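One-letter residues, chain by chain:
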Protein chains: 2
Amino acid sequence: MAETADVVVVGGGVIGTAIGWRAATAGLDVVLVDPARGDGASLVAAGMLAPVSEALFGEGALLRVNLLAVGRFGSFAAELEGVTGQQVGVRREGTMAIAYDPGDYAALIRLTAFRRAAGLDAQELDSRACRQLEGFLTPDVHGGVLFAGDWSVDNRRYAAALREAAAAAGVRFVRDQVSQVLVHHGRATGVRLADSGEAGTRPAGGGAGPDISAGAVVVAAGCWSGALAGLPDPLRAAVRPVKGQLLRLRHPAGMAPVISHTIRATVRGADVYLVPRADGEVIVGATQEERGPDRTVTAGAVHDLLHDAMSVLPVTSELILAETCVGLRPGTPDNGPIVGGTGIDGLLLATGHYRNGILMSPVTADAIVAYLTGQPPAAEWEPFTPGRFLPAPAPAESTSEGAR
Amino acid sequence: MAETADVVVVGGGVIGTAIGWRAATAGLDVVLVDPARGDGASLVAAGMLAPVSEALFGEGALLRVNLLAVGRFGSFAAELEGVTGQQVGVRREGTMAIAYDPGDYAALIRLTAFRRAAGLDAQELDSRACRQLEGFLTPDVHGGVLFAGDWSVDNRRYAAALREAAAAAGVRFVRDQVSQVLVHHGRATGVRLADSGEAGTRPAGGGAGPDISAGAVVVAAGCWSGALAGLPDPLRAAVRPVKGQLLRLRHPAGMAPVISHTIRATVRGADVYLVPRADGEVIVGATQEERGPDRTVTAGAVHDLLHDAMSVLPVTSELILAETCVGLRPGTPDNGPIVGGTGIDGLLLATGHYRNGILMSPVTADAIVAYLTGQPPAAEWEPFTPGRFLPAPAPAESTSEGAR
């Protein structure tokens, strides 16, 4: 006899786990399947909650959904901390955007004007003002802008708290890989497991079969969502991995924190960020590389990240290089997330969050739970439904391999 | 009843293990004690067998013992490979010393003349000749010198083979830390264990007591030799840790080896080396830092090593950063090793090998086994006995805490 649930969530990163938690809290019976290889992008992220410094010209729709996400994050994190009793390390000091030379500064000021037009707080700083806020910045800094509304969160603490909250709310975790979404007569009916999970990780009372039956399937498998059989081909093709390399630095014993703000610097056109953690870590990131599924740490990337960080904050050289990390972000053709129905009844997609998965996890969970419970999601999501990648309102039969 | 042996060797790096192997082969009953924390300098070394490129003006005695060591290494490694059936990765392509700018080149040519005067082979190369031998070198290289006699060995394979050979020859390994050398009436009588070893790692048939009795004690504990109670204080003070940070790079799948020679480069006065391994690794090293027992990997050191390596071999940026390593070399006031008797009967010292521990391990083992069996060691060792750090031919009573 197969395992059954109201909802099966495919993927245990922050997106899938947030969905699982909120769906269970809404009264649904949820199973979450993840192979738990520990290689998800959620564990590699820097945790910047920064719609402002990420906002790009011409991406107004993305800015709006990011602003929705920033507005939601505080209450979501507070509820998460309340439920679990864990601190997730939200820092509210803001982000200092730093320009190394006059060319970098001119680009920063153009971007600042755009952000102000979107109603965001931004305070221009000359070189001296920059160093009054962050004493270890190089005197060579040309100038900067303080974005007081940009927060950050400790991504690993946040992911761990989400998992604890989901488990407490009754989400059952299955450690396995989903090989296929099962579709029958144009309707998702569950998932097939690869059965690679360890013995004993199946839900208590579950059957021996490799299938989980569910009324709804939510695919939140990050860049691996595209590898999932049963998902319509145009959606599978819309998700690609974008490699990011990132460093975790630590302070040596006895050294006071070298920064208190997130620093985003442009060093002669190259971007680097440094994100301080409450526990003394400093995250330095990140590359953006189109290298398929490659997850190697390269000498050149580590060099360039350290070089750029040391250019703006020379004291970085004294920090301990504690960890080199690689993550694969789920990228999409228009850089926007893919959240909503897939044209197959009961099959929802929540991926493509690219560089903003941590930030968008609360509002993505809200949107998916709205779909699952028959409510309308927030209007900001309208431009980001899977439908934009589907050729036409396809009849379910034509996209379902389960249909006969 | 205490464990007993002819010889107890303190330290399981390449020096101690080579001594153990050769002593057992000479018919002695040997116990080797090491806590096996895996943090020894032997496992971090680059494995360069290079008296030539290490030779410094004014260190003629050190050059002579290094030349003795180079002459011995080949037959020692061949015997080791024969006994164990393992390949230890000796590479005989030679070392290319590279000068980045005219100032670096002038310094290299002065050193080359000195080496030639010592009878060593050296062939000057212009920039084009350098790139004919190593096609990935930057065209900015000013010139270089090929030292055909410089070999290298895979330090980790070498250490593993030594251990296997020692065990096969009957050396008994005890996984524990020695807290003290026992001295009675001016004569070493054994060692006291900290008893931190795991159950079951004592030699079969050994007693429960924390002491090992032996006719001779050989201290080969690298930079930790100075921490050993029972050793005369002036000798303890003569050994200090010199921190070295080093990187292990790997080729991505499908990439042909980027170098075949060891490359030693001087980049505007800063030294960096790249040592290729048969299995596709490239070792990049190394810092020399007076930081006491600190073993942290620092952002600045990793940056500088990568920067200097990429300056001479830009393709380094494409390699995988597989491992960042830190080792503590045993340094001495005159940069020479300390090998021989300590003024306490039956207590021998073999440490202070600084940057040449791998290279000197065979001849150090030969010298210590000569002492143990009543033979004279090679004359090249005469300047490197412990006596040079002792104030006078001290009576045993005055330096032995066991004497009453």
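What you are looking at is a predicted structure, and each value in this text was computed from that prediction instead of being measured.

### Some points on the sheet that holds strand β6 (residues 143-147) of chain B
Residue and element names in this part refer to chain B.
Consideration 1: With mixed pairing, the eight strands of this open sheet are ordered in space as β5-β6-β4-β13-β14-β15-β12-β16. In the strand order of this sheet, the two ends are held by β5 (123-126) and β16 (320-331), each with one partner. Across the sheet, the axes of successive neighbouring strands diverge by a mean angle of 20°, strand direction being ignored.
Consideration 2: Bridge analysis of strand β14 (residues 270-276) against strand β15 (residues 281-285) gives four bridges, and the strand direction is antiparallel. Bridge pairing links P276 to V282 in β15.

### Let's talk about the interface of chain B and chain A
Consideration 1: Taken together, the contact pairs 19 residues of chain B with 19 residues of chain A.
Consideration 2: Carbon and sulfur atoms make up 70% of the area that chain B and chain A hide from each other, which totals about 1,400 Å².
Consideration 3: Looking only at chain B, the three residues that lose the most surface to chain A are A299, H303 and L321 of chain B, adding up to 36% of its buried area.
Consideration 4: Counting the contacts that link chain B with chain A gives six residue pairs in polar contact (both at pLDDT 80 or more).
Consideration 5: Only α8 (299-312) and β16 of chain B provide two or more residues apiece to the side of chain B that touches chain A.

### Examining the packing of helix α1 (residues 14-25) of chain A against helix α6 (residues 155-168) of chain A
The description of two helices packed together rests on the angle between their axes and the distance between the axes.
Residue and element names in this part refer to chain A.
Consideration 1: The contact between α1 and α6 brings their axes to 8 Å, and the two run at 30°. Viewed along their axes, α1 and α6 adopt a mutual orientation that is roughly parallel. The two elements α1 and α6 meet at a crossing, and its hand is left-handed. Listed contacts from α6 to V14, T17, A18 and W21 of α1 are Y158, A159, L162, R163, A165 and A166.

### What to know about the pattern of salt bridges
Consideration 1: A full pass over the atoms with the stated rule returns 30 salt bridges over all chains.
Consideration 2: Here D29 of chain A and R172 of chain A are joined by a salt bridge, their closest N and O atoms 2.9 Å apart. With D29 of chain A in the loop between α1 and β2 (30-34) and R172 of chain A in strand β8 (residues 172-175), the pair connects residues that are 143 residues apart, well separated along the chain.
Consideration 3: A relative accessible area of 23% means that R172 of chain A is categorised as partly exposed.
Consideration 4: A salt bridge links E323 of chain B to R156 of chain B; its shortest N-O distance comes to 2.9 Å. Residue E323 of chain B is found in strand β16, and its partner R156 of chain B is found in helix α6 (residues 155-168); the two are separated by 167 residues along the sequence.

### With respect to the pairing of strand β4 (residues 95-99) of chain A
Residues and elements named next belong to chain A.
Consideration 1: Burial analysis of β4 places five of its five residues in the buried class, the great majority of the element.
Consideration 2: Of the two faces of β4, the one lined by T95, A97 and A99 and the one lined by M96 and I98 are each fully buried.
Consideration 3: Pairing between β4 and strand β6 (residues 143-147): five bridges, direction antiparallel. By the bridge assignment for β6, M96 is matched with L146.
Consideration 4: Relative to strand β13 (residues 262-267), β4 runs parallel, the two being bridged by five bridges. Counterpart to A97 in the pairing with β13 is R264.

### What to know about the nonpolar core
Across soluble globular proteins, nonpolar side chains show a tendency to be buried alongside one another.
Consideration 1: I98, L274 and V284 of chain A together with I98, L274 and V284 of chain B are the most contacted members of the largest nonpolar core, which has 66 residues in total.
Consideration 2: When residues no more than four places from it in sequence are discounted, the contact partners of L274 of chain A are I259, H261, T262, I263, V282, I283, V284, A309, V312, L313 and T316 of chain A.

### Topic: helix α4 (residues 102-117) of chain B
All names here are of chain B.
Consideration 1: With 16 residues, α4 should cover 22 Å at 1.5 Å per step; its first-to-last C-alpha distance of 23 Å lies within 8% of that length.
Consideration 2: Those residues of α4 that fall on the buried side of the exposure criterion are D104, Y105, L108, L111, T112 and R115. Burial along α4 is one-sided: seen end-on, the buried residues are contained in an arc of 130°. Exposed residues on α4 whose side chains face more than 90 degrees from its buried face are P102, R110 and A117.
Consideration 3: A side-chain oxygen of the first residue of α4 lies 3.0 Å from the backbone nitrogen of G103; this N-cap is D101.
Consideration 4: Within two residues after α4, G119 carries a phi angle of roughly 85°, on the positive side.

Criteria and thresholds
Residues numbered from 1 in each chain as written. Chains lettered and ligands numbered in written order. Predicted model: local features only at pLDDT ≥ 70, side-chain atom pairs only at ≥ 80, totals over all residues. Heavy atoms only, no water. Pairing = 2+ DSSP bridges. Helix = DSSP H or I, 4+ residues; strand = E, 2+ residues; numbered from the N terminus. Axes fitted to C-alpha atoms, helices over the stretch in contact; angles between N-to-C directions. Contact = heavy atoms within 4.5 Å. Buried area = accessible area lost by both parts, 1.4 Å probe. Polar contact = N/O pair within 3.5 Å; in protein donor to acceptor, adjacent residues only side chain to side chain. Parallel < 35°, antiparallel > 145°, perpendicular 65-115°, else oblique. Left-handed = near helix turned anticlockwise from the far one by under 90°. Salt bridge = Lys/Arg side-chain N within 4 Å of Asp/Glu carboxyl O. Buried < 20%, exposed > 50% of the residue type's maximum accessible area, 1.4 Å probe, protein only. Core = buried A, V, L, I, M, F, W, Y, C linked by side-chain atoms within 4.5 Å. Expected span 1.5 Å × (residues − 1). Arc of directions from axis to C-beta.

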